[in-house]
Each structure stands twice: as C-alpha cells, then as structure tokens.
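The chain contents come next:
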Amino acid sequence: MKTHLNTLFITTQGAYLAKDGQAVAVRIEKKTRLRVPLHNLDAITCFGRVGLSPQLMAACAEAGVSLSLLSESGRFRAAVVGYSPGNVLLRRQQYRAADDEKATCEAARSFVLGKLGNCRTVLNRAARDDATGERADRLSRSAKRMGASIVEAKAADSTDRLRGIEGEAALQYFATFDTLRTSGGGDFAFRGRSRRPPLDRINALLSFVYTLLMSDVRSACESVGLDAAVGFLHRDRPGRPGLALDLMEEFRPWLADRFVLTLINRGQVRPNDFQTVESGAVLMKEKARKDLLVAWQNRKQEETTHTFLGERCTIGLVIHLQARLFARYLRGDIDAYPPYLWK
Amino acid sequence: MPHPESDLLPISALQHLLFCERQCALIHVERVWAENRFTAEGQVLHRKAHDGKPETRDGERIARGLPLRSLVLGVSGVADIVLYRPPTGARVSRGSLASRLRRASQDELAEWVVTPVEYKRGKPKKNDSDRVQLCAQAICLEEMHGVTISEGALYYGRLRKRYPVPFDTDLRSSTLSAADRLRDLLYRGVTPPAVREKKCETCSLLPLCLPESMRRRSARAFIDRQLERAAEAES
C-alpha cells in the first residue's frame, strides 16, 4: 500500500528544484535551502514560478512521488506523470462503464450518496455539538432535506435525475452553509457559492482548498491506473478531470468544508489575510496561503478508521483507498462503490 | 504448436500462479506491485546470485543471470545460475571451458550436464511453485541447447542449503499444465475473487488485494446501513 507521506509545497517564486542523490534539493537564489529524501515524500506541489530539473522529474516518476504544478493562486496546470503501462484492462472497463447508462447511473449514485450523506452528517454534527435554538433548528431542518434527497437519489433511475437531485441538494446545503460558521461575523459572511472569481473571503478559502483536494484525488486516480478524465456523474468535457471531480464529491463536506469552517471558527484565518482587487475578486495573501498549506498537511496526517475497510489509516490515505476501491468496483470485486461515509 | 516470441509469458508468473491465482492476476493483469520485507530480501538475494562475472570452478562453468525462453512452453525469463559440466573424461583446461562451451555444437553440448539453480530467500515450500519455476527454466535450457536435463537445484537462503530437484514426469506435467492455466488466466484478464488464507500474511499485495473487505461483503448493504444509521441518529 502506498503509505501516506508528506507533501512538499513550494510557494517561493523563482525557486528551483533539483535532484540531489535520492533527494530533492530546493534552491533559492542558487543556494540550497532544503534537502528532502524522495522516499519521505508522497507528493511535491509547486505554486507559480518554480523550476524543475528533468532529472528530478524522472526520479519522482520512478519513486512514485506525484509532482504537480499549480498557478500561484492554486489552479492546476500540469502534473508530471511517469510511464505507466498500468492496467489497461481497468481503463477499458472504466470506459465501457462510462459508455453504459446503467453502469454510469450506479457509479454516479454512489458518488451522490457519498456527498449527500456527508453533507447531512456535517449539518447534524453542528446542530448537535455547538448549536442551540433557532440555529440548531435551521441546521436540522437542512439535514432532514438532505435526508429526503438521499431517498430520492436511491430511487433515481437515470444519471440526469441524479445530477438534478445533487444540484438541488447543493443549493440547499450552501443556503445553510453560513449557519455552520460560529465566528468571523460579517467579515466571513457567506452569501452563496462564487467561484470565478471568489467574491468573498470564505469562497476564496473554499476554492483554494478544493484545488488542493483536487490535486490529491487526481494523483490517487492516476496512481491506481484510473483515467482521471473519464467521469460518471460529471460528463466528459475536454480538460476537465471528470472522475477526479466525481470522487471528490464525498470528500468536499467533511474534509474540505469542515476544514475551512474550522479555520474560521478557531480564528486561524483573519479578515486581513485577504485582499480585494478592483474586479471585486477576493484573493488570499501569500502568508495566509502558506499557513493554510501547513494546516491542510497536518489535517491529512490525522488518523481515522476507514468506515468500509475498518482499518486505521491517515486521512490522506483515505483518498488513495477510495480510488483503489473504485478500481476494485470496476474490476468486479464488489457490488457497488462504497463512498467514504463520515460518521 | 510453438508460441510466437511476442506471446511468451514470464516464468516468474508461474510461481505467482501456484502461490495464488488472484496475486498472479493482480501482478500480471492489473500490473499492481508492492514491496515488503520478503520481496526486498528476495531481490537482494537474486542480485547477489546474478552479480559477479561468470566463472569456472572445479571444472564447471557457472553462468549467471541467463536469459531463457521456450517456444513450446511459451515462457521466457532469467535463470539465476546455470552450471555447465563437460562430459566426464573429457579434459578441459581451466581457461578454455568458457570458449569451448561457446563453440560447442548441439551434438557436443548434448553430452554436457546442464543444471539450473534458482535462489530463494526462505525455506522449501509445501506447494510446487519453486520446483515448477525451476522446471520451466530446465525446459527452456533443453530447448535452447538440445540437451536433456534430469536435475536442477533450489538454494534456500535461510537454510543456506541446496536441494536437488529431479525433473520427473510428474513435475514436467505440472509445469505444462501451470503454463496452460497461466495463459488462460492472462487471456481472460479477469481477476479471481479474493479468498483470505493464512499465506496472505506473507503476501506483499495484501493491502492492495484487501481480501477481507472484498470477500462476500456487499458494498451496497454497507451504503444502506450507514445511511440508515445516520437517519436514525437524526430523529
């Protein structure tokens, strides 16, 4: 099993990464500032203007270290992927399933149930743990509506129907999202999801964390031999990693959204960690982004018990395990894809 | 009918097949691989066996890491060590054994005693897998050299001991049927279901195979159960 190791984030503009023996050397202004052995790394994620030597790329591919290049603001640009003769039969099975409406619907159902189930748990937990009165009522009402959507999703007979149910439920969930917040006042108010660009602080946080999650899910798909571009719930669109988006759904509420809310609720991000540019877009400042990366890395190192496999593992590894479970489902080992249902 | 060179199967897959059909399919169909202590130790041992120059010792030529194939069996691979002993009574000076072996015609070579030796890290196994792997190497050597090989040897690292393996009719027919089963498994491309057994403990693919979770466990029932539990907690 791929054990979940560290991710090395490079955020310094103009940094250069080179292979130094079996380690990666981080050079800034021609001075080596850091050396990390490759066998201690799971991934290297570079933000913005970061240079890499071809020798390092080859060594990463060989050592199974995923190497991703993101824009300075965290948008995925490219990944360096090694030659993977991999499992051609798995990929063929994935394409066949994606071409078959019944199989697509069954896979999409699992992704939707995973997402809605976890949304409901997030709402219920907040209602139970730290809410009283009107706030608790609002949260439980919203959770009940998720429950109703789950019942509908179980009975849905087409992928389009599932997409509709998922869309309505997402609107509903985000309508209550601000209620999950316990501090931050007006500075962190959430008035609906805005992506391109994020128009408030909480959307800026959500977008950034979704990008990080996306990088991890995509790497996990590729490392088990799945084609991250061919989705089920998400239709194919050139340049869009459909399967990675599918698998990401179940992680959004409990891993990404909870993470963002915790940062705000605990005061780990402050209003002046952000800047608003002329267009109204809200961006995170450099320092805040670095702190967030450290917190995200720590979160992924936390342990949990895998709900389906019943084994202890880190949260970062859960992402890989889910990709593996989806591959095993496609290969016919299990009768459905079991999403990670948070308790 | 001989198999085309493009279709030869790895000899090592025979051993995987005899150990566990699912392991064999995971490695050779799904191209899944993982290391553990045992596989790493095995690699060190094999590297030791392969390393070093071929040599002549006690009137015997010792060749290492020899590439082999048999078109009849339809397999190819690498033998750790192959010993070549000239016919008894023939006088061979030390240095000339290698060149004499190289120059030997098939007819001359037929008189030589050829012995494949395979290195294993542990101790002799209950199943036939090591013997079948060795026998497949012998069948390759027979075909390539036109010789008849009556015996090979397995060297077990933990016991530091060589065990002779006679290539009798039984072993030869198990090897042929293993190759047929292997060809069928890889051709179908279906990974057999997981069965949890004691031997799983030693398998490096255990965390990728997930025999406990994959066996007779319904993911569908898991989803229903989890969602119902959450609904009950609500009301």
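Not measured: the values here are computed from a predicted model.

(A) View of the overall build of chain A. Counting its regular elements, chain A contains 10 helices and 12 strands. For chain A, whose C-alpha radius of gyration is 20 Å, the value lies close to the compact-globule estimate of 20 Å for 343 residues. Reported as C-alpha extents along the three principal axes, the dimensions of chain A are approximately 60 × 50 × 40 Å. The burial tally for chain A puts 57% of its 343 residues in the buried class. The contacts of chain A with a sequence gap of at least 6 include a subset with a gap of at least 24, amounting to 63%. Surface exposure of chain A reaches about 14,800 Å², of which carbon and sulfur atoms provide 49%. Across chain A, the mean location of the 52 positive side-chain charges is 3 Å away from that of the 38 negative side-chain charges.

(B) Fine view of the UniProt feature "domain: DUF83" (unreviewed entry) in chain B. Those places that UniProt annotates as "domain: DUF83" (unreviewed entry) correspond, in this numbering, to residues 114-210 of chain B. With 42% helix and 20% strand, residues 114-210 of chain B has its two end C-alpha atoms placed 42 Å apart.

(C) Layout of the sheet that holds strand S8 (residues 76-80) of chain A. Residues and elements named next belong to chain A. Reading across from one edge, S1-S5-S7-S8 is the order of the 4 strands in this open sheet, with mixed pairing throughout. Edge positions in the sheet fall to strand S1 (6-10) and S8, since each of these pairs with one other strand and no more. The sheet shows a mean angle of 20° between the axes of neighbouring strands, taken without regard to direction. Sheet analysis places strand S5 (residues 41-47) next to strand S7 (residues 66-70), joined by 5 bridges and oriented parallel. Pairing of phenylalanine 47 across the sheet is with leucine 70, part of S7. Packed onto the sheet, helix H6 (residues 201-223) meets S1, S5, S7 and S8 and runs at close to 145° relative to S7.

(D) Representation of the state of the cysteines within the structure. As enumerated under the stated definition, the model contains 0 disulfides over all chains in all. Unpaired in this structure, cysteine 221 of chain A has its nearest cysteine sulfur neighbour in cysteine 313 of chain A, at a distance of 17 Å. Looking at cysteine 209 of chain B, it has no disulfide partner, and the nearest cysteine sulfur is the one in cysteine 200 of chain B, 6.4 Å off. Judged by relative accessible area, cysteine 209 of chain B falls into the buried class, the value being 12%.

(E) Structural detail: the pattern of salt bridges. Scanning all chains against the criterion turns up 33 salt bridges over all chains. Taking the shortest distance from any N to any O, the salt bridge between aspartate 130 of chain B and lysine 125 of chain B comes out at 2.7 Å. Aspartate 130 of chain B sits in the buried class, given a relative accessible area of 2%. A salt bridge links arginine 196 of chain B to glutamate 201 of chain B, with the shortest nitrogen-to-oxygen separation between them at 2.8 Å. Judged by its relative accessible area of 51%, glutamate 201 of chain B falls in the exposed class. Taken together, the shared-partner salt bridges connect Arg328, Arg331 and Asp333 of chain A together with Arg22 and Glu30 of chain B into one network.

Criteria and cut-off values
- Residues numbered from 1 in each chain as written.
- Chains lettered and ligands numbered in written order.
- Predicted model: local features only at pLDDT ≥ 70, side-chain atom pairs only at ≥ 80, totals over all residues.
- Heavy atoms only, no water.
- Helix = DSSP H or I, 4+ residues; strand = E, 2+ residues; numbered from the N terminus.
- Rg over C-alpha atoms; globule rule 2.2 N^0.38 Å.
- Buried < 20%, exposed > 50% of the residue type's maximum accessible area, 1.4 Å probe, protein only.
- Contact = heavy atoms within 4.5 Å.
- Areas by Shrake-Rupley, 256 points an atom, 1.4 Å probe, with all protein chains shown as cover.
- Lys, Arg positive; Asp, Glu negative; His and termini not counted.
- Charge placed at Lys NZ, Arg CZ, Asp CG, Glu CD.
- UniProt positions renumbered as here; feature names shortened; annotations may be inferred.
- Pairing = 2+ DSSP bridges.
- Axes fitted to C-alpha atoms, helices over the stretch in contact; angles between N-to-C directions.
- Disulfide = S-S within 2.5 Å.
- Salt bridge = Lys/Arg side-chain N within 4 Å of Asp/Glu carboxyl O.

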